[in-house]
Amino acid sequence: MRLALPFLFAAFALTAMAQEPLPVTKPATDGKVWGALIYASKGEEVDLPDEVPDNLDDLSERLAKVFPFTRFEIVGQHTQDIFRQYESWVVPSKDLFVKLDSKGPAVGGGINLNLQFWREQQVLVKTDTVLREDSPLFIGGPKWREGRLLFVLLLTKVDVPEVK
Amino acid sequence: MNPNHDEELLARWLDNELSADERASFDARLTADAALRREAEIMQSLRNSLQSAFPRHTEVPHADFFNSRIQQSIDELRAEEARNAAAARPRFNWHGLRWFALAAACLVLGGVVWFWQQQEGPATIVMATYAPHTGVKASTFHSSDARATVLMLDGLEAVPPDRKVVGYHVDHSETDRQVAMTTLFSTNGTVLGVLATDAGNQPHVITH
């Protein structure tokens, strides 16, 4: 019994240490994006939810200039960090989501990104994109029912200095 | 007798190149062979006609003859070009004015585009696209009306109409690089779903 005590004490100490949360270091970010999955159809207009960024107050009107629909309903939305050295997933829905890999600041402002648009486990398109503030990206996705699923991506914040 | 050999003998006979023995033998053959004799007469007659039309000897022009003829041709050509250029030149240079007008229009258009861009700000750019699925076409353009850049995907398979497309209103998310996982939270802290990538970097969205 006497010989077993130190081992028991060590085991207890290890268990106690494992219970304590380890310090978390927040990964470096290059910016922040807002992504939304939208169902576009022909019908009466609907109000946009409060989560829509202020500079997209007229999102429905702007979408209507590109897509032949009158009703734009936000199915899901997600504001996500753009990590500097790691992939960022923007997931407003399990059906359609976006993966971003930052390549750093872009000349003239914005962030260089490798952007992938996914549908469940299938990548639909891969792009090299310079995403800029106040300049959303509208992605025309698959048809669904009488309308179409759209994805909107907006760079809401840049954490890296502009490259001239 | 070999016909080719007869032709050779005949040609040499016409040119007076047969040796004495060959000539004696060929003359005997001409006497005995009427067809050969007739052919020889035809060839002789043709030869005489050609010789009378073209002199055997012609004096070769000296070098100055060629140089002076070439220079004369060059002078005549230049004179003709000068005459044509003078006739074609209009009093008023419409050709130059057309280019000036085009350049001015380009400058004005470029100024308008630059001014408009200053109003809108630098736009998002999609520089390259790749759609792995054949039949899917990706095209991009910038819409000034929408003040947005558009990535249009045509040819995608439609989502079945009976499928319920579920969206998340994500308040915040946490990414754990150690386990390659992104957890999505609602405003009240409920886990909406988890996106995890497997060893093949395939994403899986797991929900309750």
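Residues numbered from 1 in each chain as written. Chains lettered and ligands numbered in written order. Predicted model: local features only at pLDDT ≥ 70, side-chain atom pairs only at ≥ 80, totals over all residues. Heavy atoms only, no water.

## Observations concerning the overall build of chain B
This is how the line gets drawn: Per the convention used, a helix needs a DSSP run of H or I reaching at least four residues, while a strand needs a run of E reaching at least two, with both numbered from the N terminus. Relative accessibility thresholds used throughout: buried, under 20% of the residue-type maximum; exposed, over 50%; partly exposed, between the two (1.4 Å probe, protein chains only). Shrake-Rupley sampling with a 1.4 Å probe provides the accessible areas, and residues are treated as covered by the protein chains on show and by no other component.
Along its length, chain B carries five helices and seven strands. In sequence order, the secondary structure elements of chain B are arranged as α-α-α-α-α-β-β-β-β-β-β-β. Taking all 208 residues of chain B together, the buried fraction comes to 20%. If you sum the accessible surface of chain B, you get close to 15600 Å²; carbon and sulfur atoms cover 58% of it.

## Quick notes on the interface of chain B and chain A
How we decide: Any two residues whose heavy atoms approach within 4.5 Å at even a single point are treated as in contact. Two parts placed together each lose some accessible area under a 1.4 Å probe, and the buried area is that loss summed for both. Counted as salt bridges are all cases of a side-chain nitrogen of Lys or Arg within 4 Å of a carboxyl oxygen of Asp or Glu. Any pair of nitrogen or oxygen atoms within 3.5 Å is treated as a polar contact; in protein, a donor-acceptor pairing is required on top of that, and neighbouring residues in sequence qualify only through side-chain atoms on both sides. Under the grouping applied here, Gly and all other residues not named as nonpolar or charged are polar, the nonpolar ones being Ala, Val, Leu, Ile, Met, Phe, Trp, Tyr, Cys and Pro and the charged ones Asp, Glu, Lys and Arg. When DSSP finds two or more bridges between a pair of strands, those strands are recorded as paired.
Taken residue by residue, the interface counts 55 residues in chain B and 56 residues in chain A. Summing the contributions of chain B and of chain A, the shared interface buries around 4900 Å²; its carbon and sulfur component is 56%. When the shortest N-O distance is used, the salt bridge between R163 of chain B and D95 of chain A registers 2.5 Å. Here chain B and chain A share 35 residue pairs in polar contact (both at pLDDT 80 or more) between them. Residue assignment for the side of chain B that touches chain A shows that the elements contributing at least two residues are β1 (125-130), β2 (137-143), β3 (148-154), β4 (172-176), β5 (181-185), β6 (191-197) and β7 (203-206) of chain B. Ranked by residues supplied to the side of chain B that touches chain A, first place goes to β3 of chain B with seven residues. Here the side of chain B that touches chain A is composed, by residue class, of 32 nonpolar, 15 polar and eight charged. Across four bridges, strand β7 (residues 137-144) of chain A lies against β3 of chain B in parallel orientation.

## Description of the pattern of salt bridges
Going through the model one piece at a time under the given rule, you end up with 15 salt bridges over all chains. Among the ionic pairs, D81 of chain A bridges to K32 of chain A, the shortest N-O distance being 2.9 Å. Here K32 of chain A lies in strand β1 (residues 29-41) and D81 of chain A lies in strand β2 (residues 71-83), a separation of 49 residues in the sequence. Looking at D81 of chain A, the relative accessible area reads 15%, which means it is buried. By relative accessible area, K32 of chain A is classed as partly exposed at 27%. Salt-bridge contacts for R29 of chain B lead to D6 of chain B; the nearest nitrogen and oxygen are separated by 2.9 Å. Separated by 23 residues along the polypeptide, R29 of chain B in helix α2 (residues 20-32) and D6 of chain B in helix α1 (residues 3-14) bring together distant segments of the chain.

## Concerning the side chain of T129 of chain A
Mapped onto the elements of the fold, T129 of chain A is located in strand β6 (residues 122-131). The class of T129 of chain A is buried, set by a relative accessible area of 1%. Among the polar contacts listed, one links the side chain of T129 of chain A to the side chain of T127 of chain A, at a separation of 2.7 Å. With sequence-adjacent residues up to four places away left out, T129 of chain A is seen in contact with I111, N112, L113 and L115 of chain A together with T124, I125 and V126 of chain B.

## A look at the packing of aromatic side chains
All names here are of chain A. Quick note on the threshold: Note on ring pairs: Phe, Tyr and Trp rings are taken, using the six-membered ring of Trp, and paired if centres are within 6.5 Å. Classes follow the plane angle, with under 30 degrees stacked, over 60 edge-to-face and the rest tilted.
Enumeration over the complete set of coordinates arrives at five aromatic pairs over all chains. When the ring of Y39 is compared with that of W144, the centres are 5.0 Å apart and the planes differ by 65°; the resulting orientation is edge-to-face. Of this pair, Y39 sits in strand β1 while W144 sits in strand β7, and the two are 105 residues apart along the sequence. Each member of the pair Y39 and W144 is classed as buried. Pairing W89 with F97 gives two aromatic rings, centres 5.8 Å apart and planes at 65°, and the pair type is edge-to-face. By relative accessible area, which is 2% here, W89 ends up buried. Residue classification places F97 among the buried positions, given a relative accessible area of 0%. Taken together, the ring pairs connect W89, F97 and W118 into an aromatic cluster.

## Let's talk about the sheet that holds strand β3 (residues 88-90) of chain A
Using the following cut-off: The axes are straight lines fitted to the C-alpha atoms, using for helices just the contacting stretch, and the angles between their N-to-C directions are given from 0 to 180°.
Ordered by their spatial adjacency, five strands build an open sheet running β3(A)-β4(A)-β5(A)-β6(A)-β1(B), and the pairing between neighbours is antiparallel. The open sheet has two edge strands with one neighbour each: β3 of chain A together with β1 of chain B. Mean inter-strand twist for the sheet, computed between neighbouring axes without regard to direction, equals 25°.

## A short note on the environment of G110 of chain A
Residues and elements named next belong to chain A. As for its placement among the helices and strands, G110 is situated in the loop between β4 (96-105) and β5 (111-119). Along the primary structure G110 and D134 are separated by 24 residues, whereas in three dimensions their C-alpha atoms are 9.9 Å apart. In this view, G110 contacts P105, L131, R132 and L155; residues no more than four positions away in its chain are not counted.

## Observations concerning the pairing of strand β8 (residues 147-158) of chain A
All names here are of chain A. Counting buried residues in β8 gives nine out of twelve residues, a clear majority hidden from the surface. For β1 and β8, the ladder comprises ten bridges, and the chain directions are antiparallel. Each bridged residue has a counterpart across the sheet, and for V33 the counterpart in β8 is L155. Pairing analysis gives six bridges linking β7 to β8, with the strands arranged antiparallel. Bridge assignment links I139 to a residue of β8, and that residue is F151.

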